[in-house]
Amino acid sequence: MAVEDSSSSGSEQAWLQVVHTFIQKNLCSTSKDPCIHLVEAVVDCVKAIWASSGGTGGLYLPLSYSFVSVQELRTHQHLPCCSHLAWSSTEYQTWANKAGLDRVPLPRERLILVGTLTDLPGDLDPELRDGSLYVKDNSGTLDCELLDLNLSWLGHLFLFPSWSYIPSAWQRSLSGSGHLELLCPPVPVLPLGFNHDPETPIRVLYPEIAFHLLQHRSKFRRRQLHLAGQLVRLSTLVKTHGKTYFILSLGGPSSATTPVPIIVQIPSQLVWHHALRPGHSYVLTNLQISVIRGFSNRIWATGPSSHLMPLEPEHVQEFNVEELILETIPNLLPVPSSSQEHHNSIREVRMLSYKGTVTKVLNDSASLYELDGQLCLCLAYQQLPNNGRAIRPGAQLELQDVHFFQSVGGVPTLAPCLRGAVLLQGFSQQESLKQSPHSFCGVVLHLRLLLERHMGLPLYLWTARALEEITSKLCPHLLKHHQLLKSSASGTAGLGELLLAPTLDVLAPPGRSIRNVYQEIVEDPHHCPLQEYSLLQPPCSFPTLAALKEDAQCRAWATFDPMTLLPLTEVNHLPSYVLNARLAWSWVCLSPTFFQPPPVLLGVLVASSHRGWLQLRDQSGSLPCLPLPEPSQAFIDPRLIGSLVRLERFQLVVEREVKSTFPSWKELGIPGFIQERRTNIYVLFSLADALILPIHSPSSHHPSPRGPPQAKFPRLEGPPKGQSRLLLLSHKECLMKRNYQSSQGADPLPPKPTLSFHASGTWLGGIQRKEGNDWGLPEPLGDESQDQKVFLLFFGQSVRWFEFLHPGQQYRLIIHDSTFPGLLKEGDSSPLSQRILESTGFTSCLIVQDDWILEPGNPQGIPGMLGISQGLSESSLTEILNGSSPGSFVSFSAEILSRTRCVSLSGTTQQGNSQTSRYGVKLTVALDAADVASPIPIDVYIEAPHSPLPLGLLPGARVYFQHLEKKVSRFQNVYCRFLPSSYLRILSFPTEAPVSSSLPHIYLAELQGDSLGPSPASASCHVVSVLSVQLLWICAHCTSICVQGQCSRQGPPCPTQASVSQANIRLLVEDGTAEAVVTCTNQQVAVALGLCPSEWDSLMELVRIPGKVALHTTRAGAQSEVTSKTDDPLMFFLQTLCSSPSVLRPVFFTFELKRKPTRVMPLEPPRLHRFQFGEIPVLTRVVPRLSLSCLSLRDPEPPDILSS
């Protein structure tokens, strides 16, 4: 047919002219060659395909289509597309509908692609072939994928009627260009040459004989033989040590025939991998027996002259080597093949073949996919050609010899090793998601961990899930993906690998067994990392901080039981205000073992300028934290800010605050009486238990007043500038909201409370200037006698320094703004600074700016500066307990015994027309001293204005207090107040498992004298007499006496009619060394009176009628005084009972001193007392009786007669 047809329309002529120009430019060998015949052939080919589509609309040419070159596709086509010249619109719609209703099909473009199909990557050395296919024209080369290759197509010009183009941004590849997916066989533009059948039959060996010849390589050293058989196994393309190859196995029609392996490693023959199909029969010519390094057995190998062709029985003849074999092997017997089923049954892993469709990408970096919506496919153990770029949702796969795991990770999983094959049976119709730039970094990291640690599938799946959790926690806002997932070729581990290393070092230490590729592909029995496995309990997890906080909060409130928070022996005797006050604050400490699997805390360490706390932060939120370097050491180095912190050992603290109105203990199980719940969650950890990884590049989590947010505190950058000065910090005040007005700028700050704190110290030497990377020598001071004390004020962004500043430590204050060169010498001259100087008496004041820097001081190289330090100052026990100087200030370290919420000592605050109570915190702490037998408790009150309260104020924690105000109560007890000028620091955390120790057993005389004996303690005594007994019922709301169950208070009725019983008894006891008055309460009274629970309940029911019954004896043996009628049977019963042997008996009890050690009243001196021994009176001095509070009471255990 002639191209220039006279009947052609003008549009067709124009279209043909464009075609002529395109072919001349992109397909002809030289520009001078008119290539008319090539143009005619291309147009004829296009017409034939266009006519077959059936939707031509009467047109002979597809005028709506345009030709496209390889270069134009790569340069201008940035979105995935497809083109179907041979399809009508209906056929395309049918094909697109296969993508599914919730999937987007590839958009159709009207493009015609013509090019040469080749396995040569451009004009490179043919030895660089790696088995990939390309479409080539004069403009360039483009990678392509083909379902079934005919080797005769290579090097010929084709028109591709149906194809898809996937740009590089949508595929897992580092090639930088997209690839083609050829959906149907290409149409040759020019006739292909025919392969003539051989004139004589080819003499071939079949697998059974070829396998035996491998055992006797010496007989066939130089022989090139031809092998024929059925393809029973095809490995993937493997690249190791810079060489690419694959191994195929030929077998016979019978399954008893042992497959014979053949290695193909000639670069020009790697393309055979696209033409081979399991189940088909082939002939491979000119093979030799070879030995491969690292593999003990011999193997058949192709040579440069080898060819691959289909097996046609009429063109082959079996090679007769029987005589030669019999000379060496007289008794030729078939070699039994190893039973794969038996082998796998031992290892509980089945191998099978499967056909399915990819429905989802589960984890692209880990090569995890979903098959048919119900199976997991793991391709990490196999090297996929071109990184499996054609495997995406919608692709149809055939899996040969893959391992099947029934229950790994909760989903049945298929995983091919190097022995198996993943064959593409159909391309996807779907427009897949765009690949993120970091995806290939993740592939490299997963592959490196898999190979270096020789992971089994359960551990690999856990590793992939852990990396996915870590990535979602940190990327991209806190870390860039390449920072986390990079894997250096030099062996340097990236952040992701370092975060997993502590766990993987235990489960899969690096450098274990090396994966033998040839053994994995060829040998029977089969050896690979997938052949056996054991179920893996997840060693840990990496939850987001928000999820962990939510889980901890749920666990804390799930275990909140008011009955368990109150002493069981006291709960039914507490009035409502005491009961609700004790429930107002409680805490739970959760260690990682409380969770399953144990969580690993992971976040970036930041300093908050809004609360003054340190925080761990990830993309879900932040978690306040309190790190300690070592017990009793201060955290002073802010250079850790911005670093990545990994924690396996920590204490997750949940403080629970409850506002409740329980009328009495009987309603504790009704949640409706809880009006408000609040939680405060934070984490305690030691820096010794933390893995700290610095982040070297800027991130976005740290607010900075200048420029973009920085990962760390501001650092000096650029040329050396700025000034600094060493400072010895002597005092730091607490963090609280204070009223400040700053005159900086045109508009002053609004007169509202601002979170701030003060610090004071002494300058150490003069100002230092930057010299290179170091600081120069201090400038000389103008007046040596001038006071070098300085007052520092922190508010705004500078509050972030609060956790790093501690008295007694040296710091370097750095200013890199040279606008005020004398600022560190003369101080700030603002009106706010002047007002502070007038009120404090300091000579220099600085308002710390947001961009100033504080670092740990390093005075090395400065004369006279070494050894300057200040320890923690502590007051003596005498100074603390001496009540002669109330209002003075004391400092001490102590262990917290208890923490309760209390009404503020300053009373109430006025809000509108109503008054509201201001709540604070009461800490009961234990003072230690060398000259006392047991710790001395003292109360420390922290009032409401000092919020936010410091983290870690928990029972069992050790705290250092500085500058507390000492006070004396109306009961003459010493206590302390935490003032705005006070300072505290957590020295150690509560122990996770406190060690319980039995109380010392003592004699009462050990408690007498000036030295304080152990308290609490235990003793064995005899009850001499009952000094007093009081039994009563009180109103649970107002504590008035309840007569016959009704509150006796005059006035408005109480909101509840609930009443609770209370009881106390005072016993005079002695143990032969001294006397003591022991006070017992509530249930202890029943034990003291020798009553069983039912008898005690009956007695208290009788007391309910009068509401109160009391007996009182002035001295031992005297007549008891009663509060009701003397003829009352109840009173007569009590009098009789108290003088009976069931009460006056030996007892064993634990106690504490009723007189607090902090009481400042002097001890009563010994008094004269007359004793009568028969007729002889004796006058002697008697030490006053001890006053003890009973903790527990019981009858002594009977002596063991046999042992005695």
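This text goes with the structure placed above it.
A brief report on the enclosed structure follows. Owing to the predicted nature of the structure, the values given are computational and were not obtained by experimental measurement.

With that settled, consider the overall build of the protein. For the protein, the count of helices and strands is 22 helices and 57 strands. A burial count over the protein gives 49% of its 1204 residues as buried. Contacts in the protein between residues far apart in sequence, at least 24 positions, make up 72% of those at least 6 positions apart. Total accessible area computed for the protein in this model is approximately 57300 Å², and 53% of it derives from carbon and sulfur atoms.

So, about helix H4 (residues 89-97). For H4, every residue scored as buried is listed here: Tyr92, Trp95 and Ala96. An end-on view of H4 places all buried positions within 100° of arc, on one side of the element. Opposite the packed face of H4, turned more than 90 degrees from it, sit the exposed residues Thr90 and Asn97. Where H4 is buried, its residues touch strand S2 (81-84).

Here we take up the packing of helix H10 (residues 457-474) against helix H12 (residues 495-507). Between H10 and H12, whose axes approach to 11 Å, the crossing angle comes to 150°. Accordingly, the angle class assigned to the pair H10 and H12 is roughly antiparallel. Seen along the crossing, H10 lies across H12 with a hand that is right-handed. Listed contacts from H12 to Leu459, Trp462, Thr463, Ala466, Leu467 and Ile470 of H10 are Gly496, Leu499, Leu500, Thr503, Leu504 and Leu507. Here the residues of the contact of H10 with H12 are counted per class, giving 9 nonpolar, 3 polar and no charged.

Let's shift gears to the environment of Leu451. Locating Leu451 in the fold gives a position in helix H9 (residues 439-452). Classification of Leu451 as partly exposed rests on a relative accessible area of 46%. Through-space distance from the C-alpha of Leu451 to that of Gly511 is 9.4 Å; in sequence the pair is 60 residues apart.

Turning next to the pattern of salt bridges. All chains considered together, the criterion is met by 24 salt bridges. For the salt bridge of Arg129 with Asp119, the shortest nitrogen-to-oxygen distance reads 3.8 Å. Of this pair, Arg129 sits in the loop between strand S3 (111-118) and strand S4 (133-137) while Asp119 is found in the loop between S3 and S4, placing the two residues 10 residues apart along the sequence. The pair formed by Arg129 and Asp119 is uniform in burial state, with each residue classed as buried. Here Arg649 ties to Asp689 by a salt bridge, and the two come within 3.7 Å at their closest N and O atoms. You can see Arg649 sitting in the loop between strand S29 (644-647) and strand S30 (651-660) and its partner Asp689 sitting in the loop between strand S31 (674-686) and strand S32 (690-693), a full 40 residues away along the chain. A network of salt bridges, in which partner residues are shared, links Asp143, Glu145 and Arg389.

Glancing now at the packing of aromatic side chains. Taken as a whole, this structure holds 18 aromatic pairs when the rule is applied. Ring geometry for Trp153 against Phe158: centres 6.0 Å apart, planes inclined by 65°, an arrangement best described as edge-to-face. Neither Trp153 nor Phe158 differs from the other in exposure class; each is buried. Note on Phe892 and Phe961: the rings are 5.6 Å apart at their centroids and 50° apart in plane angle, and the pair reads as tilted. On the criterion of sequence distance, the pair formed by Phe892 in strand S41 (residues 889-911) and Phe961 in strand S44 (residues 958-968) is long-range, its members being 69 residues apart. A relative accessible area of 2% means that Phe892 is categorised as buried. Judged by relative accessible area, which is 0%, Phe961 ranks as buried.

Our focus in this paragraph is the sheet that holds strand S28 (residues 621-628). An order of S25-S30-S31-S28-S27-S26-S29-S32 is seen for the 8 strands of this open sheet, with the pairing classed as mixed. Edge positions in the sheet fall to strand S25 (585-590) and S32, since each has one partner strand and no second. Neighbouring strand axes in the sheet, compared pairwise and without regard to direction, differ in orientation by 35° on average. Sheet topology places S29 next to S32; 4 bridges connect them, and they run antiparallel. Looking across to S32, one finds that Leu647 is bridged to Ala690. Here H10 sits on the sheet and contacts strand S26 (601-607), strand S27 (614-618) and S29; the angle it forms with S26, its principal contact strand, is near 20°.

To continue, consider the pairing of S44. In the sheet, S44 pairs with strand S46 (residues 983-988) via 5 bridges, with the strands oriented antiparallel. Directly across from Gln962, in S46, lies its bridge partner Tyr983. Sheet topology note: the S44/strand S45 (residues 974-978) ladder contains 4 bridges and is antiparallel. Across the sheet, residue Val968 finds its bridge partner in S45, namely Val974. The antiparallel hairpin formed by S44 and S45 contains 5 residues in its connecting segment, where Gln972 sits at a positive phi of about 65°.

So, on to the side chain of Glu523. Counting through the fold element by element, Glu523 comes out in the loop between helix H13 (517-522) and helix H14 (545-558). Engagement of the side chain of Glu523 in a polar contact is seen with the side chain of Gln519, the distance being 3.3 Å. Filtering out sequence-adjacent residues up to four positions away, Glu523 remains in contact with Phe295, Ser296, Asn297, Arg419 and Tyr518.

Attention shifts here to the packing of helix H21 (residues 1093-1103) against helix H22 (residues 1129-1138). Two elements in contact, H21 and H22, have axes whose closest approach is 11 Å; the angle formed by their N-to-C orientations is 140°. Our classification of the angle between H21 and H22 gives oblique. Where H21 crosses over H22, the two elements pack in a sense that is left-handed. Contacts from Leu1099, Leu1102 and Val1103 of H21 reach H22 at Leu1130, Phe1133 and Leu1134. Across the contact of H21 with H22, the residue classes break down as 6 nonpolar, no polar and no charged.

For residues besides glycine, phi is generally negative; the peptide bonds are generally trans as well. For the peptide bond that leads from Cys475 to Pro476, omega is 5°, which places it in the cis range. Its place among the elements puts Pro476 in the loop between H10 and helix H11 (481-485). Residue Gln596 is joined to Pro597 through a cis peptide bond whose omega torsion reads -5°. Counting through the fold element by element, Pro597 comes out in the loop between S25 and S26. Backbone geometry at Asp401 places phi at a positive 55°, although glycine is not the residue there.

Attention now goes to the nonpolar core. Core analysis: the biggest nonpolar cluster contains 49 residues, and Trp163, Leu180, Leu248 and Trp300 have the highest contact counts within it. One finds Ala1017, Cys1042, Val1078 and Met1100 within the second-largest nonpolar core, a separate group that totals 47 residues.

A separate point is the state of the cysteines. In the structure shown here, the tally under the stated rule is 1 disulfide. Sulfur-sulfur distance for the disulfide between Cys28 and Cys35 comes to 2.0 Å. Between Cys28 and Cys35 the sulfur-sulfur dihedral comes to about 90°; the bridge is accordingly right-handed. Sulfur of Cys1190: no disulfide; nearest cysteine sulfur belongs to Cys1080 and is 3.9 Å away.

This paragraph deals with a nonpolar patch on the surface. On the surface, Val506, Leu507 and Leu536 cluster together into a nonpolar patch covering about 250 Å² of accessible area. We classify Leu536 as partly exposed; its relative accessible area is 31%.

Looking now at the pairing of S4. Most of S4 sits out of view: 4 of its 5 residues are buried. Here S3 runs beside S4; their pairing, made up of 3 bridges, is antiparallel. Paired with Thr116 across the bridge in S4 is Lys136. The pairing of S4 with strand S5 (residues 140-146) spans 5 bridges and is classified as antiparallel. Following the sheet pairing, Leu133 is matched in S5 by Cys144.

Calculation rules
Residues numbered from 1 in each chain as written. Predicted model: local features only at pLDDT ≥ 70, side-chain atom pairs only at ≥ 80, totals over all residues. Heavy atoms only, no water. Helix = DSSP H or I, 4+ residues; strand = E, 2+ residues; numbered from the N terminus. Buried < 20%, exposed > 50% of the residue type's maximum accessible area, 1.4 Å probe, protein only. Contact = heavy atoms within 4.5 Å. Areas by Shrake-Rupley, 256 points an atom, 1.4 Å probe, with all protein chains shown as cover. Arc of directions from axis to C-beta. Axes fitted to C-alpha atoms, helices over the stretch in contact; angles between N-to-C directions. Parallel < 35°, antiparallel > 145°, perpendicular 65-115°, else oblique. Left-handed = near helix turned anticlockwise from the far one by under 90°. Nonpolar A, V, L, I, M, F, W, Y, C, P; charged D, E, K, R; others polar. Salt bridge = Lys/Arg side-chain N within 4 Å of Asp/Glu carboxyl O. Phe/Tyr/Trp six-rings, centres within 6.5 Å; stacked < 30°, edge-to-face > 60°. Pairing = 2+ DSSP bridges. Polar contact = N/O pair within 3.5 Å; in protein donor to acceptor, adjacent residues only side chain to side chain. Core = buried A, V, L, I, M, F, W, Y, C linked by side-chain atoms within 4.5 Å. Disulfide = S-S within 2.5 Å. Patch = residues over 30% accessible without salt bridge, like charges linked within 9 Å, V, L, I, M, F, W, Y side chains within 5 Å.

Such coordinate-based values are descriptive only and should not be taken to indicate function.
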